[in-house]
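What follows is each chain in one-letter form.
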Amino acid sequence: MRVSPKLGFGLGVYLGLVLLAFGAHWIAPHDPLEQDLLNTFAPPAWRDGGTSTFWLGTDSLGRDILSRLIHGSRVAVTVALIAATCAGILGTVLGLCAGYFGGWVDTVVSRIVDVWMAFPPVLLSIVLAAVLGAGLHTVVIAIVVIDWTRFCRVVRAEVMVQKSRDYVTSALTIGLSPWRILTGEVVPNVVPLLITLFTLEMGIAIVVEAVLSFAGLSVANDDATWGSMIQEGRQFVRQAWWLMVAPMVCIVLSVLAANALGDGLRERFDPLLRRERP
Amino acid sequence: MTPPVLLDIDGLRVSVGGRPVLRDVSLQVRSGEIAGLVGESGAGKTMAGRAVLGLLPDAARVLSGEIRFDGTDLLSLKARAREALLGRDIALIPQNPMTALNPVARIGTQIVDGLRMHLGLDRNGARARAVELLQAVHLPDPESLLRRFPHELSGGMRQRVLIASAFSCRPRLVIADEPTTALDVTVQKQCLRLIRELQRQHATAVLFVTHDLGVVAKLCDSVAVMHGGRILEFRSGDDIFRAPRHPYTRALLAATPRFDRPGDTLVPVSAEVLARLQEEVDVYDAAH
């Protein structure tokens, strides 16, 4: 089994992230909250004045950046997986029904999606956070509430395309019920698309979480998240740029990896694309 | 002795979005016989076939008429009852083998699904039967074929798979909707022979929709010539080719190359004939 570079990169980063998230307590060299006021703004180890005690340096309170990044991955991974899954399920189910059954089901779902998308997403999530109170569950709910429409629209359009294909007619002529055609014939043809959407959504979820925690609306303030690290680092960007750059690199890397993972998986499992590379 | 009528389309009128597409279509298919339905593109032949299968487009309305299959009126059938009938008693050989198979499902699954549902076979039984079916359509190495995806097969192979799957539950009626149009000539011939062979073997009735008069001449017991949504002539195959009555049928025959008379000049269907047809359609529409 050869693994394409894209798939390797995506899988590698995500497996690494999951590992870090679960093993944060054992892997992180320091307690992410432990302050060391004698060593504030310590530069990364490879710069002048850096020490190997703090690989990526310390922040304004002398907390270890690397440990904070590792602990921050817990929030990122949780949000990416749970929020993307929930948004995916909700959006896909509605999209499948709307696309396949058409008629009033489609009208109702499509109008809801239209109205939904008219709300500015950031505003919506801030309102939600204000109503529900800050916390991890709020972030997940906010992402699901905002992003199910993305799945719904794309899946609906794809199902409508698939529905008009001859193989669906063939399935009808062997007497399969609409439900069996939808689940047994149409859904497998939508799966490659779902994989791509899901991984894209993981990337988006990580960004949204970062935005919310940057605005202080995510998990409690003393927990490390990549977004809140950027927010804290922003104030000291002239003295210690690495405070801000380190979490940014993490976010960019995980979003890139999400996209690569999606592409790689689709190429691997879509029989139609597999034909291109014998 | 003539066999009993199995499929009886009687005075079927269908319109799509207010425009009539079938005008009083009546034709019968007798048990174990092949009935040809010929006509040019847009004549309504595919629409007639789809009406039998209950697969008319959403915008289509049946204005009047009946489709009786062995006594049951197909048009008034409930969805459940139709699902039970389709695939088991009535099957379709589709037009385009390249798109009629689900691209992400293995060949085996696609044949086995219908078998398990209609014949109540278990997984192994259905698989064994699928292998037999693929052997019956002369496909090599059926075991490994079951595990392949449609894109790994050529057009001719896919059409054989579809033919096998159409005959899989020993239906009493097969609707062949231009089954050879999308294939090249040599493969066409093999597929026709195959349909003929299976049809004889199972004594299946076939409604053969095509625009190829040559195919009809060889294959069909009776022939209906269609134009503008109307059946112009419906008679036994021999009669229609020996003594065509309708001027359009005569014109069509004159426009078709024949192996037994290679020297003949082909005459396109004349404007006169077409004008007369249009006139007839106008008169008909005015009356309805």
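For the structure, see preceding data.
My aim in this report is to walk through the structure given alongside it, one point at a time.

Rules of the game
- Residues numbered from 1 in each chain as written.
- Chains lettered and ligands numbered in written order.
- Predicted model: local features only at pLDDT ≥ 70, side-chain atom pairs only at ≥ 80, totals over all residues.
- Helix = DSSP H or I, 4+ residues; strand = E, 2+ residues; numbered from the N terminus.
- Buried ≥ 20, exposed ≤ 12 C-beta atoms within 10 Å, placed from the backbone.
- Contact = placed C-beta atoms within 7 Å.
- Nonpolar A, V, L, I, M, F, W, Y, C, P; charged D, E, K, R; others polar.
- Expected span 1.5 Å × (residues − 1).
- Axes fitted to C-alpha atoms, helices over the stretch in contact; angles between N-to-C directions.
- Parallel < 35°, antiparallel > 145°, perpendicular 65-115°, else oblique.
- Left-handed = near helix turned anticlockwise from the far one by under 90°.
- Pairing = 2+ DSSP bridges.

## Thoughts on the overall build of chain A
Then, number 1: For chain A, the count of helices and strands is eleven helices and zero strands.
Then, number 2: Its helices and strands taken in sequence order, chain A reads α-α-α-α-α-α-α-α-α-α-α from the N to the C terminus.
Then, number 3: Considering only C-alpha atoms, chain A reaches an extent of 75 × 50 × 30 Å along its principal axes.
Then, number 4: Out of the 278 residues in chain A, the part that is buried amounts to 46%.
Then, number 5: Sequence-distant contacts in chain A: of pairs separated by 6 or more residues, those separated by 24 or more amount to 70%.

## Examining the interface of chain A and chain B
Then, number 1: The interface is formed by 16 residues belonging to chain A together with 25 residues belonging to chain B.
Then, number 2: Mapped by element, the contributors of at least two residues to the side of chain A that touches chain B are α7 (166-173), α8 (178-214) and α11 (271-274) of chain A.
Then, number 3: If you tally residues by element for the side of chain A that touches chain B, the top one is α7 of chain A, at six residues.
Then, number 4: Each residue belonging to the side of chain A that touches chain B can be placed in one class, and the counts come to six nonpolar, six polar and four charged.

## Focus on helix α11 (residues 271-287) of chain B
Then, number 1: If you check α11 of chain B, its first and last C-alpha atoms are 24 Å apart, about what 17 residues at 1.5 Å a residue would give, namely 24 Å.
Then, number 2: Of all 17 residues in α11 of chain B, zero are buried; the element is thus mostly exposed.

## Some points on the packing of helix α3 (residues 107-119) of chain B against helix α6 (residues 155-166) of chain B
Residue and element names in this part refer to chain B.
Then, number 1: α6 packs onto α3 with a crossing angle of 20 degrees between their chain directions and a minimal axis gap of 10 Å. Viewed along their axes, α3 and α6 adopt a mutual orientation that is roughly parallel. The handedness of the crossing between α3 and α6 is right-handed. Across the interface between the two elements, I107, Q110, I111 and G114 of α3 pack against V161, A164 and S165 of α6.

## Focus: the sheet that holds strand β2 (residues 19-30) of chain B
Residue and element names in this part refer to chain B.
Then, number 1: Within the open sheet, the four strands sit side by side as β2-β1-β4-β5. Their pairing is antiparallel. Only two strands of the sheet have a single neighbouring strand rather than two, namely β2 and β5 (72-73).
Then, number 2: In this sheet, β5 lies alongside strand β4 (residues 60-69) in antiparallel orientation, the contact comprising two bridges. Within β5, the residue paired with F69 across the bridge is T72.
Then, number 3: Running over the sheet, helix α1 (residues 45-53) touches β1 (5-16), β2 and β4 and is turned about 115 degrees from β1.

## Topic: the environment of R172 of chain B
Residues and elements named next belong to chain B.
Then, number 1: If you trace the backbone, R172 turns up in the loop between α6 and β7 (173-177).
Then, number 2: Under the C-beta neighbour-count criterion, R172 is labelled buried, with 21 such atoms within 10 Å.
Then, number 3: Between the C-alpha atoms of R172 and L162, which are ten residues apart in sequence, the distance is 17 Å.
Then, number 4: With sequence-adjacent residues up to four places away left out, R172 is seen in contact with L6, D89, T204 and A205.

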